[in-house]
Amino acid sequence: MRYFIPLLIILLAACQKPEPTQMDWAIALHGGAGNMDSTKFSADDILRYEKALQDALEIGKDALKDSVTAIEVVELVVRELEDNPLFNAGKGSVFSHDGRNELDAAIMDGRNLNAGAVAGVGDIRNPISAARLVMNESPHVLLIGKGASLYASQNGIEMVDSSYFYTEKRWQLLQRTLQRAGKNGTVGCVALDKSGNLAAATSTGGMNNKRYGRVGDVPIIGAGTYANNATCAVSATGHGEYYIRFTVAHDISALVEYKGISVMEAAKQVVNGKLSNTEGNGGVIAVDKYGQVVLEMNSTGMFRAWANSAGNEEVAIFNHIPIVESN
Ligand code: ASP
């Protein structure tokens, strides 16, 4: 008995999983996921997407190295992706069934669980900045349609004519898919900054061919976007109706918080477990408080990039090794 308790303590300590290596900073971003056929991408297409992802990653990396806060970084990176017509957000947004662009975006600060979102807007150049404005300046979390636009325009956000969002590629996509299922896409970024703060931002044109007034998971806090310093930051992309019903982003955070599992395991359980027998096709990016990054998908591709302070980084499109651990 004399030796039993010390022995038990030693045994229990030996069974404890070691703490993951703490990163100074880490970042992940996505430009949408879906069932992509790699043979339909030309070498030029792949280069263009990879360059766009790399450029956005560099912006985020430079800012994090300069001690910019995670919340600033995710907005900065998502603005860059919104301005790139390659992605279904901002400039490159898809059209709804009746030929409108209705954009959604959300941002969340893991320091204090502050969040802001806009939905169904068609005249705000960078919806992610309007979401941040709602978070910072209003007593609300989510503003929609004309009310969101009015609030943004009254508070110095850059407004555009709705024709700004017209791109021939997305218009033709709508024409082709009016009789078929829609196509996915979205942009997002999650980051851990040097002060240990987590943040998430997501922005989208929504689902191609969607009904007028449809809102997806992106601006619904806990569905497509979530951040909590105690757990992780998550940004999702995929068939939004399922991401709402499974409260995907918050579910991943809750698994980390209540079950004590890693963010990699949590993302896998949700995206490739709970969602796998549904039409909830897509993926998530997440980073936890240690800077562990996960890029999990249940589709054949996700435009994505990540980096951390240990010098690891990757830009990828098609599905291969989805999980990246920092140690
Ligand atoms: N989740 C987005 C939506 O449902 C679309 C996407 O990410 O592909 O609006």
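Structure: see above.
Residues numbered from 1 in each chain as written. Predicted model: local features only at pLDDT ≥ 70, side-chain atom pairs only at ≥ 80, totals over all residues. Heavy atoms only, no water.

Engineer: Even after reading the chapter, I still don't get the overall build of the protein chain, so can you show me in this structure?
Structural biologist: In terms of helices and strands, the protein chain carries nine helices and twelve strands. Scaling as 2.2 N^0.38, a compact globule of 327 residues should have a C-alpha radius of gyration of about 20 Å, and the protein chain matches this with 20 Å. Projected onto the principal axes, the alpha-carbon positions of the protein chain cover approximately 80 × 45 × 35 Å. Of the roughly 14,100 Å² of accessible surface on the protein chain, a fraction of 53% belongs to carbon and sulfur atoms. If you average the places of the 29 positive and of the 36 negative side-chain charges in the protein chain, the two averages end up 4 Å apart. (Helix = DSSP H or I, 4+ residues; strand = E, 2+ residues; numbered from the N terminus. Rg over C-alpha atoms; globule rule 2.2 N^0.38 Å. Areas by Shrake-Rupley, 256 points an atom, 1.4 Å probe, with all protein chains shown as cover. Lys, Arg positive; Asp, Glu negative; His and termini not counted. Charge placed at Lys NZ, Arg CZ, Asp CG, Glu CD.)

Engineer: Can you walk me through the sheet that holds strand 12 (residues 313-318) in this structure?
Structural biologist: Whenever strands of a sheet pair, they do so through backbone hydrogen bonds, lying parallel or antiparallel. In space, the eight strands of this open sheet follow the order 4-3-2-6-5-1-11-12, with mixed pairing throughout. With partners counted over all chains shown, the strands left at the sheet margins are strand 4 (142-144) and strand 12, one partner each. Averaged over all pairs of adjacent strands, the angle between strand axes in this sheet comes to 5 degrees, irrespective of strand direction. Against the sheet, helix 2 (residues 43-65) touches strand 1 (26-34), strand 5 (187-192), strand 11 (301-308) and strand 12, its axis set at about 150 degrees to strand 12. Against the sheet, helix 4 (residues 127-137) makes contact with strand 2 (103-109), strand 3 (114-121), strand 4 and strand 6 (198-204), and its axis sits at roughly 135 degrees relative to strand 3, the strand it touches most. (Pairing = 2+ DSSP bridges. Axes fitted to C-alpha atoms, helices over the stretch in contact; angles between N-to-C directions. Contact = heavy atoms within 4.5 Å.)

Engineer: I tried to follow the site of the ligand on my own but got confused; where do I start?
Structural biologist: As a structural note, the neighbourhood of the ligand is formed by twelve residues, with Gly185, Thr186, Arg214, Asp217 and Gly238 the closest of them. Between the ligand and the protein, one listed contact pairs an oxygen atom with a side-chain N or O atom of Arg214 at 2.7 Å. Note that a nitrogen atom of the ligand is positioned 2.7 Å from one of the backbone N or O atoms of Gly238. Burial of the ligand by the protein amounts to 100% of the accessible area it has alone, namely 260 Å². (Near = heavy atom within 4 Å. Polar contact = N/O pair within 3.5 Å; in protein donor to acceptor, adjacent residues only side chain to side chain.)

Engineer: Mind showing me how you'd approach helix 9 (residues 263-274) here?
Structural biologist: Think of an α-helix as 3.6 residues a turn; residues three or four steps apart then line up on the same face. With twelve residues, helix 9 should reach 16 Å at 1.5 Å per residue; the first-to-last C-alpha distance of 15 Å fits that figure. Restricting attention to buried positions, one finds in helix 9 the residues Val263, Met264, Ala266, Ala267, Val270 and Val271. In an axial view of helix 9, the angular spread of the buried residues amounts to 165 degrees, which keeps them on one side of the axis. Lining the buried residues of helix 9 we find strand 8 (232-238), helix 8 (248-259), strand 9 (282-288) and strand 10 (293-297). (Expected span 1.5 Å × (residues − 1). Buried < 20%, exposed > 50% of the residue type's maximum accessible area, 1.4 Å probe, protein only. Arc of directions from axis to C-beta.)

Engineer: What exactly am I supposed to notice about a nonpolar patch on the surface here?
Structural biologist: Taken together, the side chains of Val141, Leu142, Ile144, Val215 and Ile220 define a hydrophobic patch exposed on the protein surface, amounting to about 360 Å² of accessible area. Val215 sits in the partly exposed class, given a relative accessible area of 30%. (Patch = residues over 30% accessible without salt bridge, like charges linked within 9 Å, V, L, I, M, F, W, Y side chains within 5 Å. Salt bridge = Lys/Arg side-chain N within 4 Å of Asp/Glu carboxyl O.)

Engineer: So what exactly am I meant to see when it comes to the packing of aromatic side chains here?
Structural biologist: By convention here, two paired aromatic rings are described through the distance between centres and the angle between planes. For the structure shown, the criterion picks out ten aromatic pairs. Geometrically, the ring pair formed by Tyr164 and Phe165 is edge-to-face, given 5.0 Å between the ring centres and 80 degrees between the ring planes. Members of the aromatic cluster, each reached through a chain of ring pairs, are Phe41, Tyr49, Phe87, Phe303 and Phe318. Lys91 extends its terminal NZ or CZ atom over the ring of Tyr164, reaching a point 4.8 Å from the ring centre. The lysine or arginine in question, Arg100, covers the ring of Tyr212, its NZ or CZ lying 3.7 Å from the ring centre. (Phe/Tyr/Trp six-rings, centres within 6.5 Å; stacked < 30°, edge-to-face > 60°. Lys NZ or Arg CZ within 6 Å of the ring centre and 35° of its normal.)

Engineer: What's the story with unusual backbone geometry in this structure? I'm lost.
Structural biologist: Glycine aside, residues mostly have negative phi, and peptide bonds are mostly found in the trans state. Phi is positive for Ser67, close to 65 degrees, though the residue is something other than glycine. By relative accessible area, Ser67 is classed as partly exposed at 47%. You will see that Thr247, though not glycine, has its phi angle at about 35 degrees, which is positive.

Engineer: What's the story with the sheet that holds strand 9 in this structure? I'm lost.
Structural biologist: Spatial strand order, 7-8-9-10: four strands in an open sheet with antiparallel pairing. A strand with exactly one partner marks an edge of an open sheet, and here the two such strands are strand 7 (225-227) and strand 10. Averaged over all adjacent pairs, the angle separating strand axes in this sheet is 10 degrees, with direction ignored. Examined bridge by bridge, strand 7 and strand 8 share three bridges and lie antiparallel to one another. The partner of Ala227 across the bridge, within strand 8, is Ala233. Along the sheet, helix 9 contacts strand 8, strand 9 and strand 10; its crossing angle with strand 10, the most-contacted strand, is approximately 15 degrees.

Engineer: Sorry if this is basic, but what is going on with the pairing of strand 9 here?
Structural biologist: Along a regular strand, successive side chains alternate from one face of the sheet to the other. Taking burial as the measure, the seven residues of strand 9 include seven buried ones, the bulk of the element. Every second residue of strand 9 is oriented toward a common face, with Gly282, Val284, Ala286 and Asp288 on one face and Gly283, Ile285 and Val287 on the other, all of them buried. Note that strand 8 and strand 9 share seven bridges and pair antiparallel. Looking at the pairing, Gly238 lines up with Gly282 of strand 9. Summarising the sheet, strand 9 and strand 10 pair through five bridges and their orientation is antiparallel. Along strand 10, the bridge assignment pairs Ala286 with Val294. In textbook terms, the turn of a hairpin is the stretch between consecutive antiparallel strands, and for strand 9 and strand 10 this stretch comprises four residues, one of which, Gly291, has a positive phi near 90 degrees.

Honestly, that's just the spatial picture; any functional story needs more than this.
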